[in-house]
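Descriptive analysis of the structure
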Amino acid sequence: MPSTTSPRMRPALDAVPGYTPARVPDGTAPVHRLAANESPYPPLPGVLERLAVTAQDANRYPDFGCRELTAELAARLDVPAAHIAVGTGSVALAQQLIQITADPGDEVLFAWRSFEAYPVMTRLAGAVPVQVPLTADERHDLRAMARAVTERTRLVIVCNPNNPTGTVVGRAELEAFLDQVPADVLVVLDEAYVEFADDPDHPDGVELYRDRPNVCVLRTFSKAHGLAGLRVGYAVAHEPVAAALRTAAVPFGVSQLAQDAAVASLRAESAMRERVAALTAERARVVRELAAQGWTVAPTRANFVWLRLGDRTAEFADACAAAGVSVMAFPGDGARVSIGDAAANDAFLRCTSRFRTGGAAAQEQASRQAGE
């Protein structure tokens, strides 16, 4: 008779919230996908042509060492090849960083709200997430983060620009923070959106890492380069950290398609910069329109905007979904909305206008009823 006993799972799983992907509206009507911070553009020039050649060898394992991509990155960034580790997106590298630094009970420190995968990955490793609230203006509170470092802290993550608020920390304040972190604690600068950070005070993580052995920089090809579906990113760190990342990687995890697409994307940098310029121009337009509607929007330097909605977040996401616009809702906090093409952005702005007008009308009606 078959047993009804389930296999034993790690108790740590009970505390893992799980990663919730962006919701896609139901139905067959066209959907404006503004939830996952994807590029609205197709792959950069030269990428599809190279993929057509690479796909013919899909029966072969990819290059285990990602040698061509590593060499291309090393040359462009002016860093030793031994200081680069390639992974299946920067999120996989973030998980590997937790694995190589934190034992069960150790602490991983980051701002909150920040990238929603950080607490998931931390708890999966059996480590303890230490979440330091953002400031009132939606920025990292680096002073509070420095005070939160303890003898159990093994890893500190600074997402810059921050996901989901889009805010940045400047070079001087970041350097002051790095000076306060113990040398044996690894600090990760998650720069997934660095290409969109047009603030002149935004620090270049690669420049900061050069003389700081405890700094690691994460970047990705998912956003500005438009390769979200192929899963490829990289870390820049001094050799002990980069070597440990390569040790912790899943063998053959980065497909040859991803490696070759990333190389072709790097070689199409001018086209990428043109697309980034177009998206940041659209970002500015969306922020102006939201301000004109009466919304308070954090000063974003990423390819998305953040609306602090509190208890009305789910209601707002439902209203957008009904209009064929998918947004990333964080119930109780707010909604993150990617910058897409002009048509998608216009659809989103129509949603915000209706929602704000409807909310104001509902408040006025409630006030009248309360006075009767």
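The residue count restarts for each chain, going from 1 along the sequence in the order it is written. Side-chain atom pairs in this predicted model are given and counted only at pLDDT of 80 or more, local residue features only at pLDDT of at least 70, and totals for whole chains, interfaces and linings cover all residues. As a rule here, side-chain values cover all heavy atoms of the structure and leave hydrogens and water aside.

If you tally the helices and strands in the protein, you get twelve helices and twelve strands. Here the radius of gyration uses the C-alpha set of atoms, whereas the globule reference equals 2.2 Å times the residue count to the power 0.38. Computed over the C-alpha atoms, the radius of gyration of the protein is 22 Å, within 12% of the 21 Å expected from 2.2 N^0.38 for a compact globule of 372 residues. Dimensions of the protein, computed from C-alpha atoms along their principal axes, come out at roughly 70 × 65 × 50 Å. Counting every position in the protein, which comprises 372 residues, the buried fraction comes to 51%. Of the contacts made within the protein by residues no fewer than 6 positions apart, 74% connect residues no fewer than 24 positions apart. The Shrake-Rupley method, run with a 1.4 Å probe sphere, supplies the accessible areas, and residue values consider only the shown protein chains as cover. Approximately 17500 Å² of the protein is accessible, and the part contributed by carbon and sulfur atoms is 53%. Looking at charge distribution, the protein has the averaged site of its 36 positive side-chain charges lying 2 Å from that of its 44 negative ones. Helix and strand labels come from DSSP, where a helix needs a run of H or I of at least four residues and a strand needs a run of E of at least two; each type is numbered from the N terminus. Remark: exposure states derive from per-residue accessible area (1.4 Å probe, protein chains only) relative to the maximum for the residue type, with buried under 20%, exposed over 50%, and partly exposed in between. Residues are treated as being in contact if the distance between any of their heavy atoms lies within 4.5 Å. Under this rule, positive means Lys or Arg and negative means Asp or Glu; His and the chain ends count for nothing. Where a charge lies is defined by one atom per residue type, namely NZ (Lys), CZ (Arg), CG (Asp) and CD (Glu).

Here we come to the UniProt feature "domain: Aminotransferase class I/classII large" (unreviewed entry) in the protein. The UniProt record marks residues 32-341 with the feature "domain: Aminotransferase class I/classII large" (unreviewed entry), using the residue numbering of this structure. When the span residues 32-341 is considered, its composition is 38% helix and 18% strand, and the gap between its end C-alpha atoms is 9 Å. UniProt positions are given in the numbering used here, feature names are shortened, and annotations may be inferred rather than shown by experiment.

Right, let's get into the pairing of strand β8 (residues 233-236). Where burial is concerned, the two faces of β8 agree: the one with Gly 233 and Ala 235 and the one with Tyr 234 and Val 236 are both buried. Bridge count between strand β7 (residues 215-220) and β8: four bridges; the pairing is antiparallel. Bridge pairing in β8 links Leu 218 to Ala 235. Any two strands are treated as partners once DSSP identifies two or more bridges connecting them.

For the rest of this paragraph, the subject is the UniProt feature "modified residue: N6-(pyridoxal phosphate)lysine" (unreviewed entry) in the protein. The UniProt record marks Lys 223 with the feature "modified residue: N6-(pyridoxal phosphate)lysine" (unreviewed entry), using the residue numbering of this structure. The contact partners of Lys 223, leaving out residues within four places of it in the chain, are Ala 36, Asn 37, Ser 39, Ala 192, Tyr 193 and Phe 196. Polar contacts, as used here, are pairs of N or O atoms within 3.5 Å; protein pairs need one atom able to donate a hydrogen and one able to accept it. Residues neighboring in sequence count only if both atoms are side-chain atoms. There is a polar contact of 3.4 Å between the side chain of Lys 223 and the backbone oxygen of Ala 36.

Here three strands make up an open sheet; going across it, the order is β9-β12-β11 and the pairing antiparallel. Taken across any chain shown, the strands that pair with only one partner, and hence form the sheet edges, are β9 (304-308) and β11 (328-330). Looking at each pair of strands side by side, their axes are set apart by 15 degrees on average, direction ignored. To obtain an axis, a line is fitted to C-alpha atoms, over the contacting stretch when the element is a helix, and the angle between two such axes runs from 0 to 180 degrees between their N-to-C directions.

For the protein, the assigned domains are domain 1 (13-42 + 269-364) and domain 2 (47-267). In this document the domain limits rely on a domain assignment from an automatic tool or a database. Computed from C-alpha coordinates alone, the two centres of domain 1 and domain 2 are separated by 25 Å. Here domain 1 and domain 2 share an interface that buries about 2600 Å² over both sides, 60% of which is from carbon and sulfur atoms. For this document, the term salt bridge refers to a Lys or Arg side-chain nitrogen within 4 Å of an Asp or Glu carboxyl oxygen. The interface formed by domain 1 and domain 2 holds five salt bridges in total. Its salt-bridge partner being Arg 301, residue Asp 198 comes within 2.8 Å of it at the nearest N-O pair. The tally of links from domain 1 across to domain 2 stands at 13 residue pairs in polar contact (both at pLDDT 80 or more). Only α10 (269-293), β9 and β11 provide two or more residues apiece to the side of domain 1 that touches domain 2. In terms of residue count, α10 provides more of the side of domain 1 that touches domain 2 than any other element does, seven residues in total. Joining two parts hides part of their accessible area as seen by a 1.4 Å probe, and the buried area is that hidden amount summed over both.

Moving on to the sheet that holds strand β4 (residues 128-133). Across the sheet, which stays open at both edges, the seven strands sit in the order β2-β8-β7-β6-β5-β3-β4 with mixed pairing between neighbours. Edge strands, defined here as strands with exactly one partner in the open sheet, are β2 (84-87) and β4. On average, each strand axis in the sheet is inclined to that of its neighbour by 20 degrees, with strand direction left out of account. Helix α3 (residues 90-101) rests against β2, β3 (107-112), β5 (153-159), β6 (186-190), β7 and β8 of the sheet, and its axis sits at about 155 degrees to β7.

Turning our attention to helix α1 (residues 47-54). Regarding α1, the residues found buried are Val 47, Leu 51 and Thr 54. Axial view of α1: buried residues confined to an arc of 60 degrees, hence all on one face. The exposed set on the far side of α1, more than 90 degrees from its buried face, consists of Glu 49 and Val 53. The secondary structure elements touched by the buried residues of α1 are α9 (256-266). What the arc measures is the spread of directions leading from the helix axis to the C-beta atoms.

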